[in-house]
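Residues per chain, in single letters:
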Amino acid sequence: MNYKEFHRQSIEQPDAFWGEQSKLVHWNKPFSSVLDYSKPPFSKWFVGGETNLCYNAIDRHLATRGDQPALIFVSTETNTEKVYSFRELHAEVQRMAAVLQRLGVGKGDRVLIYMPMIPEAIFAMLATVRIGAIHSVVFGGFAANSLATRIDDAQPKVMVTSDAGMRGGKAVPYKHLVDESIRLSATPPSKVVIVNRGLDKDMPIVAGRDLDYATLRQQEMDTKVDCVWVESSHPSYILYTSGTTGKPKGVQRDTGGYAVALAATMKYIYCGNAGETYFSTSDIGWVVGHSYIVYGPLISGMATVCYEGLPIRPDPGIWWKIVQDYKVTVMFSAPTAIRVLKKQDPAFIKKYDISSLRHVFLAGEPLDETTHRWIEGELGLPVYDHYWQTETGWAILASQPGVEMSPTKPGSPAFAAFGYDVKLLQEDGTEITEPNEKGVVVVVPPLPPGCLTTVWGQDDRYVQTYYTSFPNKQVYSTFDWGIRDKDGYYFILGRTDDVINVAGHRLGTREIEEAIGSHPAVAECAVVGVADQLKGQMPMAFAVLKDSSIAETAEQRAKLEKEIMGRVDAALGAIGRPSRVHIISQLPKTRSGKVLRRSIQAIAEGRDPGDLTTLDDQAGIEQIKSAMAK
Ligand code: ATP
Ligand code: MG
């Protein structure tokens, strides 16, 4: 079957299509209907079916591949490498599950996981869903107040944490932050389980509340904990969106739909086979970590890599060494990480035997054409951009090489994934049918299996946030702006919030960034719209160079700025030309690696930069401030 037919079937005959895909996972009790869409826009998939995510990720494989690798832990921070077979993973997850059960965690209770990238974090996730409880993983870099907001929203019974994480060779305290967040929280958990790595000698312990995991585990070495079968729509987890727009939303995920969707993506998008190794460089704190460090690969019988460390330490070849050592076949990373590698010596890629690798997938931010071409050239493999959101749990737009091989187009995440009825709408709701016209990317509901079923505890907010952008049309808005070319390839132009309106012409930040990034000296850049009396808004650019020594003097910078503006003129005409191109050495990014345009814009307009708790490093914001002060 070709892609077009496959996609059409998924939209026109969802029952037949998803009924077929449902066979990719184990059901303890078969479902009575594929889809219940009696209360739009809420959809329930595989109604009445009973399953369990952990059973599908582990138990199901014991008979066929019990002794094969399931979890590969590599830490370049503590210099540890450890491989767990499916059988060993099964044992560890049951121990963790027994500990949670003994602490009173049962079906529907929440467990908040605030952990570095260590195997116990993954045990905790799998153990939680094993017993029918609901996990909420919070990214380990979030500060105490962000953590407290999430505690109050999810109201966990138990928290699982660690004394510390490690970053660039330095211990980063976690437990201290947990204590602080519990002080700030209105509904704190009664127990905190601590995986003590011995990295923080001053870790405080609150008697009666804080418990040592090693001690608890010792009591459960041989405890068997059966999977609790749950109805398909039973929540498996809550995960908050990255907060790039400043309003994190608690995405609620079901069980059955998610399992089926992930299994299908492993087949049709990632082409990962049982017995092979999948390496996602994300973090379990993000949706990519949920779907493609933990559940997707394991459900399909693949080994998954849990990597604690930076992409350039001990040297920029570390990822490719992991690919070589563990014969990785599928890799998943983010454009921001590839741009980091682009600033390094490419010889590091060539140093290792990466012949096992079939292809690489990237997501999280627009992948500029220059970076896309660069990484494909260096690896000599297809590199697929694909587009998705925390909300959807898996790709909305993606090449689907498992259905049909189609060439990649630089900068494009390709086509609608199966199950997504994607359209482009003008702001008044008119559908765009002509190629290369800009519109908001929307999905006609019902959303396919695996997507958010609601906002945790706030059905109204779910409908209000996602389905009310267009008059007289109940469609799911992605709040991203895009185009579709004549061959049907989509291009994402940026967030609707970030669209720049220059004298009535609407420009996506991406379009201008693309032109700036094509200058060979530029490593990465960000463009924002700044209020302008005459034109409404004017683009302003901030660029980071591959080699900053070429722009040390004011003269060199002026020359470079002119050259870069010339690139924009050539690509978009004078309408897109930024008022200034500021050369800086670091962009402000969220902890998930996304450029924080809203704060750059605020500073450029002399306003308060707003909530900066999602910021990775204050230095980027300082750079913007000092560039504006000059
Ligand atoms: P919040 O919703 O809390 O403001 P966020 O939107 O950054 O945060 P995520 O769900 O992590 O949270 O990110 C999804 C967004 O990331 C998309 O809506 C889109 O703007 C961007 N994105 C993801 N993948 C791509 C891609 N391949 N190309 C372009 N943009 C992408
Ligand atoms: Mg978002």
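What counts and what doesn't
Residues numbered from 1 in each chain as written. Chains lettered and ligands numbered in written order. Predicted model: local features only at pLDDT ≥ 70, side-chain atom pairs only at ≥ 80, totals over all residues. Heavy atoms only, no water. Helix = DSSP H or I, 4+ residues; strand = E, 2+ residues; numbered from the N terminus. Rg over C-alpha atoms; globule rule 2.2 N^0.38 Å. Buried < 20%, exposed > 50% of the residue type's maximum accessible area, 1.4 Å probe, protein only. Contact = heavy atoms within 4.5 Å. Areas by Shrake-Rupley, 256 points an atom, 1.4 Å probe, with all protein chains shown as cover. Lys, Arg positive; Asp, Glu negative; His and termini not counted. Charge placed at Lys NZ, Arg CZ, Asp CG, Glu CD. Near = heavy atom within 4 Å. Polar contact = N/O pair within 3.5 Å; in protein donor to acceptor, adjacent residues only side chain to side chain. Salt bridge = Lys/Arg side-chain N within 4 Å of Asp/Glu carboxyl O. 1 Å grid on protein atoms, 1.4 Å probe; cavity = no way out; pocket = protein on both sides within 12 Å on 5 of 7 lines; lining within 4 Å. Points joined across faces, edges and corners; volume = space filled by probe spheres on them. Nonpolar A, V, L, I, M, F, W, Y, C, P; charged D, E, K, R; others polar. Axes fitted to C-alpha atoms, helices over the stretch in contact; angles between N-to-C directions. Parallel < 35°, antiparallel > 145°, perpendicular 65-115°, else oblique. Left-handed = near helix turned anticlockwise from the far one by under 90°. Pairing = 2+ DSSP bridges. Domains from an automatic or database assignment. Buried area = accessible area lost by both parts, 1.4 Å probe. Core = buried A, V, L, I, M, F, W, Y, C linked by side-chain atoms within 4.5 Å.

### Things to note about the overall build of the protein
Reasoning step 1: Along its length, the protein carries 20 helices and 30 strands.
Reasoning step 2: The C-alpha radius of gyration computed for the protein amounts to 24 Å, which stays within 12% of the reference 25 Å derived for 630 residues, consistent with globular compactness.
Reasoning step 3: Overall size of the protein, expressed as C-alpha extent along the three principal axes, is 70 × 60 × 50 Å.
Reasoning step 4: Here the protein holds 630 residues, and 60% of them are scored as buried.
Reasoning step 5: Sequence separation of at least 24 residues holds for 70% of the intrachain contacts in the protein that already meet a minimum separation of 6.
Reasoning step 6: Entry remark: accessible area of the protein is about 23200 Å², with carbon and sulfur atoms responsible for 50%.
Reasoning step 7: Between the centroid of the 67 positive side chains of the protein and the centroid of its 73 negative side chains there is a distance of 1 Å.

### Focus on the site of ligand 1
Reasoning step 1: Around ligand 1, 20 residues are found, and the nearest of them are T241, T244, T245, T390 and D480.
Reasoning step 2: One of the side-chain nitrogen or oxygen atoms of T390 is found 2.6 Å away from an oxygen atom of ligand 1.
Reasoning step 3: In isolation ligand 1 has 640 Å² of accessible area, and contact with the protein removes 94% of it.

### Let's talk about the pattern of salt bridges
Reasoning step 1: By the definition in use, this model includes 36 salt bridges.
Reasoning step 2: Between E561 and R580 there is a salt bridge, with its nearest N and O atoms 2.7 Å apart. Of this pair, E561 sits in helix α18 (residues 554–572) while R580 sits in the loop between α18 and β30 (581–584), and the two are 19 residues apart along the sequence.
Reasoning step 3: The residue R577 makes a salt bridge to D569 at a minimum N-O spacing of 2.8 Å.
Reasoning step 4: Accessibility expressed as a relative area gives 27% for D569, which makes it partly exposed.
Reasoning step 5: Each of R339, E365, D368, E513 and R597 takes part in a single network of salt bridges with overlapping partners.

### Quick word on the side chain of R597
Reasoning step 1: Tracing the backbone shows R597 in helix α19 (residues 597–604).
Reasoning step 2: Judged by relative accessible area, which is 9%, R597 ranks as buried.
Reasoning step 3: Within the structure, the side chain of R597 is placed 2.9 Å from the side chain of E513, a separation counted as a polar contact.

### Topic: empty space enclosed by the protein
Reasoning step 1: Per the counting criterion, the structure on display carries 5 cavities of 30 Å³ or more.
Reasoning step 2: A volume near 180 Å³ is recorded for the largest cavity.
Reasoning step 3: Lining the largest cavity are 16 residues, and of these R339, P366, D368, E513 and C525 sit closest to its centre.
Reasoning step 4: Elements represented by at least two residues in the lining of the largest cavity include exactly α13 (335–342), α17 (509–517) and β28 (522–532).
Reasoning step 5: Its residues placed into classes, the lining of the largest cavity shows 6 nonpolar, 1 polar and 9 charged.

### Some details on the packing of helix α7 (residues 144–154) against helix α8 (residues 175–184)
Reasoning step 1: Taken N-terminus to C-terminus, the directions of α7 and α8 make an angle of 55°; their axes are 8 Å apart at the nearest point. When the axes of α7 and α8 are compared, the pair comes out oblique. Where α7 crosses over α8, the handedness of that crossing is right-handed. Across the interface between the two elements, A144, N145, L147, A148, I151 and D152 from α7 touch L177, V178, E180, S181, I182 and L184 from α8.

### Examining the layout of surface pockets
Reasoning step 1: Empty space within the second largest pocket amounts to approximately 540 Å³.
Reasoning step 2: Lining the second largest pocket are 22 residues, and of these Y3, K4, H7, F415 and G488 lie nearest its centre.
Reasoning step 3: Breaking the lining of the second largest pocket down by element, the ones donating at least two residues are α1 (3–12) and β21 (422–425).

### Here we look at the sheet that holds strand β11 (residues 191–195)
Reasoning step 1: Strand order in the open sheet formed by 8 strands is β12-β11-β8-β6-β7-β14-β15-β23, and the pairing between neighbours is mixed. Unpaired on one side and paired on the other, β12 (210–212) and β23 (454–455) mark the two borders of the sheet.
Reasoning step 2: With 5 bridges joining them, strand β8 (residues 158–162) and β11 adopt parallel strand pairing. Among the inter-strand pairings, S162 is bridged to a residue of β11, identified as V195.
Reasoning step 3: Relative to the sheet, α8 contacts β6 (110–114), β8, β11 and β12, its axis offset from that of β8 by approximately 150°.

### Things to note about unusual backbone geometry
Reasoning step 1: A cis amide bond links R313 to the next residue, P314, at an omega of 0°.
Reasoning step 2: Going from P445 to P446, the amide bond is cis rather than trans, its omega being 5°.
Reasoning step 3: The residue P446 is located in the loop between β22 (439–443) and β23 in this model.
Reasoning step 4: You will see that Q155, though not glycine, has its phi angle at about 50°, which is positive.
Reasoning step 5: Structurally, the position occupied by Q155 is in the loop between α7 and β8.
Reasoning step 6: Looking at Q155, the relative accessible area reads 40%, which means it is partly exposed.

### Details of the domain arrangement of the protein
Reasoning step 1: Domain parsing of the protein yields domain 1 (3–309 + 386–444) and domain 2 (501–629).
Reasoning step 2: Put simply, the middle of domain 1 and the middle of domain 2, counted by C-alpha atoms, are 34 Å apart.
Reasoning step 3: Across the domain 1/domain 2 interface, buried area totals approximately 1100 Å², and carbon plus sulfur atoms make up 46% of it.
Reasoning step 4: Sorting the residues of domain 1 by area buried against domain 2 places S242, T244 and K438 first, and these three jointly supply 37% of that buried surface.
Reasoning step 5: The tally of links from domain 1 across to domain 2 stands at 2 salt bridges.

### Focus: the nonpolar core
Reasoning step 1: Grouped together as the largest cluster of nonpolar side chains are 122 residues, with contacts concentrated most on W18, L126 and Y295.
Reasoning step 2: Per element, the largest residue contribution to this core is 9 residues, and it comes from helix α10 (residues 256–268).
Reasoning step 3: If sequence neighbours within four positions are ignored, Y295 has contacts with L53, M125, L126, V129, H135, Y258, L262 and H290.
Reasoning step 4: Listed in part, the 29 residues of the second largest apolar core include Y307, Y326, I349 and L357.

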